[in-house]
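The chain contents come next:
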Amino acid sequence: RRVITEALDRMVYGHDWTPDGEKLWIWFEDAGSQVLATVDADDGDLERHLDGPQVVDAFDVGRDGALALRLRTPERPGEIYHYGDELRALTAVNEAVLGGLELGATEKIAFEAEDGWPVEAMVIKPPGYRDGVRYPVVVDLHGGPVAQRTWGFAFDVQLWAAQGYLVVQPNFRGSSGYGFEHTNAIWRDWGGPDTLDTIAAAEAVVERGWGDPERMAVTGWSYGGILTNHVITKTDRFAAAITGASATLYVVNYGHDMYVSWWENELGVPWEPEARARYERVSPFNRVTEVTTPTLIIGGEKDWNVPIINSEQLFMALKRLGVTTELVVYPGEFHVFSTPSYNKDLYERILAWFGKYLTGGKESPDAGS
């Protein structure tokens with residue numbers, strides 16, 4: 001057994017032989033792109049075939065060596081393509097819907113965090129964006145944390161952009177797509193370097209004259225929600241926050257969620273004093289007295305990925321401390337919601353919370369459980 005992509009400091013997915021058995025087709029993450037490539041089975045020589053501002057996330061190799069693949073762009077969800085001598089679209093299943101819509105343009109920006117670390121972010125501008133106008137900002141944090149924001153189409157950010165928000169999606173430290181050192185930078189330090197990167201992303205669009213410094217929100221789901229919880233305990237820079245499916249007092253999750261091995265490998269077993277100190281040091285719950293940001297807390301009742309007890313504890317703490325907050329629990333839902341009416345309600349609540357605190361719009365619907 002040999003590692004043939006050792007020189008490629010990126011996450012590699014998918015693999016299938018070329019018909020001659022000399023190379024492997026793969027796709028890998030790279031700074032917001034997902035690249036289709038071949039790698040020589042003998043010497044590991046890598047050749048990029050489809051690169052740039054797009055996302056390849058599945059493929060299959062035919063007998064003649066041509067590929068069928070799924071590809072996404074900022075303007076289009078995944079479609080099926082034929083790739084031989086050239087790339088040719090085979091499907092256009094969303095054209096009837098998207099053909100009549102004006103979408104927000106996507107741009108990638110680069111900047112430095114406070115400690116000098118280089119960071120990139122995807123920025124989705126509102127449709128009809130005009131230079132010289134400062135727009136309200138939504139900083140949207142991805143889950144994982146070992147994942148990346150990409151050039152791929154995303155419905156939620158286009159929905160927010162359509163309401164006039166400038167959406168910023170940083171690939172903060174902990175993200176993939178930028179090499180092992182970038183990913184490993186938050187080892188036993190959740191909410192440390194990645195918080196710096198999040199704040200820097202917000203400041204980067206303000207410095208460019210795109211964002212309004214007085215109208216900024218931070219949000220995220222799963223690890224994005226966890227990072228949101230860290231951010232609001234370390235800065236009052238944001239006018240609003242929405243945290244979804246998040247964790248706050250990490251020791252509560254040990255033996256309760258689906259990540260026992262993860263907790264033990266990174267932080268240790270919580271009954272050992274040195275390990276317990278790690279749990280407490282990185283838990284945003286222990287800095288909850290610093291929160292002043294109006295915070296909407298969302299989760300699924302049956303979420304065993306990041307159990308709802310975390311959201312309940314954060315809500316209770318903020319409520320006791322007099323911070324403006326709401327808790328919404330969706331019955332029977334897991335980590336990602338599957339009930340259409342609940343997803344509709346979720347998006348309406350998110351937009352209402354942003355509207356209330358960023359644009360002075362309508363108040364959010366009554367919170368329920």
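Just so it is clear, the model here is predicted, and its values are computed rather than measured.

(A) Just the overall build of the protein, in detail. Assigned secondary structure in the protein consists of 9 helices and 16 strands. The C-alpha atoms of the protein give 21 Å as radius of gyration, which agrees with the globular expectation for 369 residues (21 Å, within 12%). Projected onto its principal axes, the C-alpha coordinates of the protein cover approximately 65 × 55 × 45 Å. The buried share among the 369 residues of the protein stands at 52%. Here the protein displays about 16,800 Å² of accessible surface, and carbon together with sulfur accounts for 50% of that area. The average position of the 32 basic charges and that of the 55 acidic charges among the side chains of the protein differ by 5 Å.

(B) Looking closely at the packing of helix α2 (residues 155-162) against helix α9 (residues 340-358). Running from amino to carboxyl end, α2 crosses α9 at an angle of 40°, the nearest separation of the two axes being 11 Å. Comparing the axis directions of α2 and α9 gives the class oblique. When you trace α2 past α9, the crossing you get is right-handed. From α2, F155, D156, L159 and W160 reach across to α9, where they touch Y347, I350, L351 and F354.

(C) Structural view of the side chain of T18. By the element assignment, T18 lies in the loop between β1 (12-17) and β2 (23-30). The exposure class of T18 is buried, given its relative accessible area of 12%. Excluding residues within four positions of it along the chain, T18 makes contact with K23 and W25.

(D) A look at a nonpolar patch on the surface. A cluster of nonpolar side chains, contributed by M258, W304 and F334, occupies part of the molecular surface with about 330 Å² of accessible area. For W304, a relative accessible area of 45% translates into the label partly exposed.

(E) How the structure looks around the pairing of strand β9 (residues 106-112). As judged from the 7 bridges shared by β9 and strand β10 (residues 118-124), these two strands associate in the antiparallel manner. Bridging across to β10, E107 finds its partner in V123. Connecting the antiparallel pair β9 and β10 is a turn made up of 5 residues, with G116 showing a positive phi of about 90°.

(F) Structural detail: the nonpolar core. Counting residues in hydrophobic clusters, the biggest one holds 52 residues, and the most contacted among them are I109, F111, V168, V205 and Y250. Element by element, the count of residues in this core is highest for helix α4 (residues 193-207), at 6 residues. Aside from chain neighbours lying at most four places away, what touches Y250 is W190, I226, H230, W263, Y279, V282, S283 and P284. A161, A217, I242 and L296 belong to the second largest nonpolar core, which has 21 residues in total.

(G) Summary view of the side chain of D197. Mapped onto the elements, D197 comes out in helix α4. Here D197 is in contact with F111, A113, V119, F172 and R173, once residues within four sequence places are set aside.

(H) Expanded view of the sheet that holds strand β14 (residues 240-244). If you trace the 8 strands from one edge of the open sheet to the other, you get β9-β10-β12-β11-β13-β14-β15-β16, paired in mixed fashion. Edge positions in the open sheet fall to β9 and β16 (325-330), since each of these has one partner strand only. Looking at each pair of strands side by side, their axes are set apart by 20° on average, direction ignored. Here 3 bridges tie strand β11 (residues 135-141) to strand β12 (residues 166-170), and the two strands are oriented parallel to one another. Paired with V139 across the strands is V168, a residue of β12. Relative to the sheet, α2 contacts β10, β11, β12 and β13 (211-221), its axis offset from that of β12 by approximately 145°. In the packing of α4 onto the sheet, the strands contacted are β9, β10, β11, β12 and β13, and the crossing angle to β9 comes to about 115°.

(I) Up close: the packing of aromatic side chains. The full count for this structure, using the stated rule, is 19 aromatic pairs. Where W190 meets W262, the ring centres are 5.7 Å apart and the plane angle is 55°; that geometry is what we call tilted. With W190 in the loop between α3 (180-184) and α4 and W262 in helix α6 (residues 260-266), this pair connects stretches of sequence that are 72 residues apart. Since its relative accessible area comes to 7%, W190 is described here as buried.

(J) Spatial organisation of the pattern of salt bridges. Using the criterion set out here, one finds 19 salt bridges in the structure. Among the ionic pairs, R215 bridges to D212, the shortest N-O distance being 2.7 Å. By relative accessible area, D212 is classed as buried at 16%. Between R276 and E280 there is a salt bridge, with its nearest N and O atoms 3.0 Å apart. Highlighted residues: R276 and E280, both in helix α7 (residues 273-281), separated by 4 residues, approximately one helical turn. Assessed through its relative accessible area of 36%, R276 is described here as partly exposed. Residue E280 is classed as partly exposed on the basis of its relative accessible area of 26%. The structure contains a network of salt bridges with shared partners spanning R10, D30, R48 and D51.

(K) Structural detail: α9. Under the 1.5 Å per step criterion, the end-to-end length of α9 is 27 Å for 19 residues, consistent within 8% with the ideal 27 Å. Looking at α9, one finds that the buried residues are L346, R349, I350, A352, W353, F354, G355 and L358. Among the structural elements, β11, α2, β13, β14, β15 (295-300) and β16 are those in contact with the buried residues of α9.

So, how was this worked out
- Residues numbered from 1 in each chain as written.
- Predicted model: local features only at pLDDT ≥ 70, side-chain atom pairs only at ≥ 80, totals over all residues.
- Heavy atoms only, no water.
- Helix = DSSP H or I, 4+ residues; strand = E, 2+ residues; numbered from the N terminus.
- Rg over C-alpha atoms; globule rule 2.2 N^0.38 Å.
- Buried < 20%, exposed > 50% of the residue type's maximum accessible area, 1.4 Å probe, protein only.
- Areas by Shrake-Rupley, 256 points an atom, 1.4 Å probe, with all protein chains shown as cover.
- Lys, Arg positive; Asp, Glu negative; His and termini not counted.
- Charge placed at Lys NZ, Arg CZ, Asp CG, Glu CD.
- Axes fitted to C-alpha atoms, helices over the stretch in contact; angles between N-to-C directions.
- Parallel < 35°, antiparallel > 145°, perpendicular 65-115°, else oblique.
- Left-handed = near helix turned anticlockwise from the far one by under 90°.
- Contact = heavy atoms within 4.5 Å.
- Patch = residues over 30% accessible without salt bridge, like charges linked within 9 Å, V, L, I, M, F, W, Y side chains within 5 Å.
- Salt bridge = Lys/Arg side-chain N within 4 Å of Asp/Glu carboxyl O.
- Pairing = 2+ DSSP bridges.
- Core = buried A, V, L, I, M, F, W, Y, C linked by side-chain atoms within 4.5 Å.
- Phe/Tyr/Trp six-rings, centres within 6.5 Å; stacked < 30°, edge-to-face > 60°.
- Expected span 1.5 Å × (residues − 1).

Function-wise, these values are silent; they only describe arrangement.
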